[in-house]
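Chain residues, written in single-letter form:
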Amino acid sequence: MFNLILFGPPGSGKGTQSEKIIEKYGLKHLSTGDILRSEIARQTPLGMEAKKLMDKGQLVPDEVVIGMISSSIEANTQARGFLFDGFPRTVAQAEALDKLLKLKGTQINAMISLLVTEEELMKRLLNRGLTSGRSDDSNEEVIKNRIAEYKSKTAVVADYYKKFDKFFEVKGEGSIDEIFNAICKEIEKEMDA
Ligand code: B4P
């Protein structure tokens, strides 16, 4: 199995690049953001609770997202590997993911982080807010909150994977294909390692 984490601040292009990575390498895409938005669309109790936090730009509680990822791993035991997009976002989530994968006799091979300036993140998300209908994209204050949550709770997750020599950084600005090619180079180095 080859298991990859795509990491970076909100709007860094994780969702965009994930689509291309799963197509090329045949990985199962697990995006906690997408799973939460689907719970919201179906108006489940979990979705309604998550919406209140997401609308303010806050993270959803660890136990909720860990539970979602655990069920998704269980439901896809035949996968060639997983691409985790938007997860883990806290150290507690990273530790839980390690345990879940260990139970399946596998582990994370690499974390690839997309490096994008704050100015560019704000521009991209406000721009997406014009068409996406996503309430967390349409307001500058909410976006600032998401970036603040990233800095205070999520950025440290990189250190967790650095400790295990699994952390790799890629410039997340430029054309989507340029960024994808840089990501592929890192993936292939790790696949050959
Ligand atoms: P997510 O759904 O994970 O989304 P994201 O961080 O906003 O965006 P992403 O980085 O995927 O950007 P994208 O490719 O779409 O999170 C949403 C919310 O869910 C969180 O705030 C949180 O509340 C909750 N949540 C999710 N996971 C959680 C967890 N594990 N724990 C707790 N809470 C959790 O790109 C953004 C825009 O940029 C797009 O419009 C795209 O077209 C554009 N773009 C992409 N690449 C570009 C490029 N190279 N040049 C120009 N524009 C580009």
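Before any of the text, the structure's been laid out above.
Residues numbered from 1 in each chain as written. Predicted model: local features only at pLDDT ≥ 70, side-chain atom pairs only at ≥ 80, totals over all residues. Heavy atoms only, no water.

Caption draft 1: Spatial organisation of the overall build of the protein chain. Scanning the protein chain from N- to C-terminus turns up nine helices and five strands. Shown N-terminal to C-terminal, the secondary structure of the protein chain runs as helices and strands in the order β-α-β-α-α-α-β-α-β-α-α-α-β-α. If one aligns the C-alpha atoms of the protein chain with their principal axes, the spans along those axes are about 45 × 40 × 30 Å. Counting only residues that meet the buried cut, the protein chain has 48% of its 193 residues in that class. A fraction of 74% describes how many contacts in the protein chain between residues 6 or more apart in sequence connect residues 24 or more apart. In the form shown here, the protein chain has an accessible surface area of approximately 9,900 Å², with 51% of it arising from carbon and sulfur atoms. Taking the average location of the 28 positive side-chain charges in the protein chain and that of its 30 negative ones, the two points are 2 Å from each other. (Helix = DSSP H or I, 4+ residues; strand = E, 2+ residues; numbered from the N terminus. Buried < 20%, exposed > 50% of the residue type's maximum accessible area, 1.4 Å probe, protein only. Contact = heavy atoms within 4.5 Å. Areas by Shrake-Rupley, 256 points an atom, 1.4 Å probe, with all protein chains shown as cover. Lys, Arg positive; Asp, Glu negative; His and termini not counted. Charge placed at Lys NZ, Arg CZ, Asp CG, Glu CD.)

Caption draft 2: Geometry of the nonpolar core. Counting residues in each nonpolar core, the largest one holds 30 residues, and the members touching the most others are I69, I73, F84, L97 and Y161. Looking at this core, the elements with two or more residues in it are β1 (4-7), α2 (32-41), α3 (45-54), α4 (62-74), β3 (82-85), α5 (91-103) and α8 (157-162). Setting aside residues up to four positions removed in sequence, Y161 forms contacts with I5, P88, A94, L97, D98, I108, M111, K166 and F167. Counting residues in hydrophobic clusters, the runner-up holds 17 residues, among them F2, F168, F180 and I187. (Core = buried A, V, L, I, M, F, W, Y, C linked by side-chain atoms within 4.5 Å.)

Caption draft 3: The side chain of E149, seen in detail. Mapped onto the elements, E149 comes out in helix α7 (residues 140-154). Setting aside its immediate chain neighbours within four residues, E149 contacts G57, Q58, L59 and T154.

Caption draft 4: Structural context of the environment of K56. Locating K56 in the fold gives a position in the loop between α3 and α4. Distance in space between the C-alpha atoms of K56 and A96 is 25 Å, their sequence separation being 40 residues. Contacts of K56, omitting those with residues within four sequence positions, involve V142 and N145.

Caption draft 5: A look at the packing of helix α6 (residues 118-132) against α7. The geometry of α6 relative to α7 is characterised by a closest axis approach of 10 Å and an angle of 135° between their N-to-C directions. One way to sum up the angle between α6 and α7 is to call them oblique. As for the relative orientation of α6 and α7, their crossing is right-handed in sense. Between α6 and α7, the contacting residues are E118, L121, M122, L125, L126 and R128 on the first element and E140, I143, K144, R146, I147 and K151 on the second. Within the contact of α6 with α7, the residues separate by chemical class into six nonpolar, no polar and six charged. (Axes fitted to C-alpha atoms, helices over the stretch in contact; angles between N-to-C directions. Parallel < 35°, antiparallel > 145°, perpendicular 65-115°, else oblique. Left-handed = near helix turned anticlockwise from the far one by under 90°. Nonpolar A, V, L, I, M, F, W, Y, C, P; charged D, E, K, R; others polar.)

Caption draft 6: Representation of the sheet that holds strand β2 (residues 28-31) within the structure. Read from one edge to the other, the open sheet built from five strands follows the order β2-β3-β1-β4-β5, with strand pairing classed as parallel. Looking at the sheet topology across the chains shown, the edges are occupied by β2 and β5 (167-171). In this sheet, adjacent strand axes meet at a mean angle of 20° when their direction is disregarded. Bridging between β1 and β3 involves three bridges; their strand directions are parallel. Bridging from a neighbouring strand, I5 pairs with F84 of β3. The strands that α2 touches are β2 and β3; relative to β2, the one it contacts most, it runs at about 65°. (Pairing = 2+ DSSP bridges.)

Caption draft 7: Fine view of the layout of surface pockets. Its boundaries defined by the atoms lining it, the largest pocket holds a volume of some 840 Å³. If you go around the largest pocket, you meet 41 residues; those closest to its centre are K14, R89, R128, R134 and R146. Elements represented by at least two residues in the lining of the largest pocket include exactly α1 (14-25), α2, α6, α7 and α9 (176-192). Taken together, the residues of the lining of the largest pocket sort by class into 11 nonpolar, 18 polar and 12 charged. When its volume is computed, the second largest pocket comes out at roughly 180 Å³. Every residue lining the second largest pocket is counted, 18 residues in all, and those nearest its centre are P9, L114, L115, V116 and Y150. (1 Å grid on protein atoms, 1.4 Å probe; cavity = no way out; pocket = protein on both sides within 12 Å on 5 of 7 lines; lining within 4 Å. Points joined across faces, edges and corners; volume = space filled by probe spheres on them.)

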